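The lines below spell out each chain.
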Amino acid sequence: MSQVAAIQMISGADVQANLRTAASLIAEAAAAGAQLVLLPECFAAFGNRALADIAAAEYEGSGPIRPFLAEQARQHGIWLVAGSIPLPTEPGGKAMACCLVLDDQGREVTRYDKLHLFDVEVSDSQRSYRESKDYGYGDRFVCIDTPVGRLGLSICYDVRFAELYAALRRAGAELIVVPSAFTAVTGAAHWDVLLRARAIETQCYILAADQGGKHANGRETFGHSCLIDPWGEITACLPQGEGVVAGEIDLQHLNTIRGRMPVAGHRRFVPLDDIVRASTE
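Just so you know, these numbers come straight off a predicted model, no measurement behind them.

Asks: Hey, could you run me through the side chain of Q203 in this one?
Replies: Positionally, Q203 belongs in the loop between α5 (184–202) and β11 (205–210). Q203 sits in the buried class, given a relative accessible area of 2%. A distance of 3.3 Å separates the side chain of Q203 from the side chain of R169, its partner in a polar contact. Apart from residues no more than four positions distant in its own chain, Q203 is found in contact with R169, P230, L254, I257, R258, M261 and V263.

Right, dumping it as structure tokens:
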């Protein structure tokens, strides 16, 4: 069995202050034995309107976030899944909501750019969210091997799109991460049920790191960072506030569940043309 951890934060606009908090919580997770640590979405810059400048500096190598991540992974000997940071794919390009994965030597081994952007109306104090104003859309899913199992990447709003998680399962995922900044309103309604559904459908572990409290800019995030097993059981959870959620990944348990209920081999698809034809006959 392997130990993993999700970090819950209440990040603000001050990048250096956020990194100091992240460093303390990463150290706590590593001291508890975590081999892989997940940071939340927007962990380094939440509500900071200088996203384009932050993104450009990180791409050029003059920003503080990527060196910080490399040092943390190296120092603690952990795989670090870095929630999301603004990072373009080319010089002068639009920022992407980018999840970097670093190995225990501090090397960036892959990146995932968020596929689904949060352009919605919510019944909270902010009311309207338009993530596509600041970020570009990703165009691929990512699944890689790690010491704790084969890892699938997703970010926040992605969790509403089951087809992404099905693709990650087909690519061999055993653990799927969901770094998030879920609003308090949408989280109360849908967080647990969506995460548990994704775990049950894919028969994967789900590790979710959320922002969790009231932020300086007035926004409220839901928290409830958690680890969910392939049967859909929540094995660890932190309701609110900053802290660490840790738990075990047991691939033997995962394989037992998949062996007893081999849903991946039972999946059937009906061609869309057949559905349309049947509905008009």
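Resuming the write-up.
Asks: Looking at this structure, I do not really get helix α6 (residues 251–260). What am I missing?
Replies: Turn by turn, an α-helix covers 3.6 residues, leaving residues three or four places apart pointing in a common direction. Within α6, burial applies to L254, I257 and R258. Along the axis of α6, the buried positions cluster into a sector of 95°, meaning they face one direction only. Exposed residues lying more than 90 degrees from the buried face of α6 are Q252, G259 and R260. Packed against the buried residues of α6 are α4 (162–170), α5 and β11.

Asks: I keep staring at the sheet that holds strand β14 (residues 243–249) and nothing clicks. Help me out?
Replies: The strands making up a sheet associate through hydrogen bonds between their backbones, and the pairing can be parallel or antiparallel. Pairing is mixed in the open sheet, where six strands are placed in the order β5-β4-β3-β2-β1-β14. Every other strand in the sheet has two partners, leaving β5 (108–113) and β14 as the edge strands with one partner each. Adjacent strand axes in the sheet meet at a mean angle of 25°, parallel and antiparallel pairs treated alike. Pairing geometry for strand β1 (residues 2–8) and strand β2 (residues 36–39), over three bridges, is parallel. Across the sheet, residue V4 finds its bridge partner in β2, namely L36.

Cut-offs applied
- Residues numbered from 1 in each chain as written.
- Predicted model: local features only at pLDDT ≥ 70, side-chain atom pairs only at ≥ 80, totals over all residues.
- Heavy atoms only, no water.
- Helix = DSSP H or I, 4+ residues; strand = E, 2+ residues; numbered from the N terminus.
- Buried < 20%, exposed > 50% of the residue type's maximum accessible area, 1.4 Å probe, protein only.
- Polar contact = N/O pair within 3.5 Å; in protein donor to acceptor, adjacent residues only side chain to side chain.
- Contact = heavy atoms within 4.5 Å.
- Arc of directions from axis to C-beta.
- Pairing = 2+ DSSP bridges.
- Axes fitted to C-alpha atoms, helices over the stretch in contact; angles between N-to-C directions.

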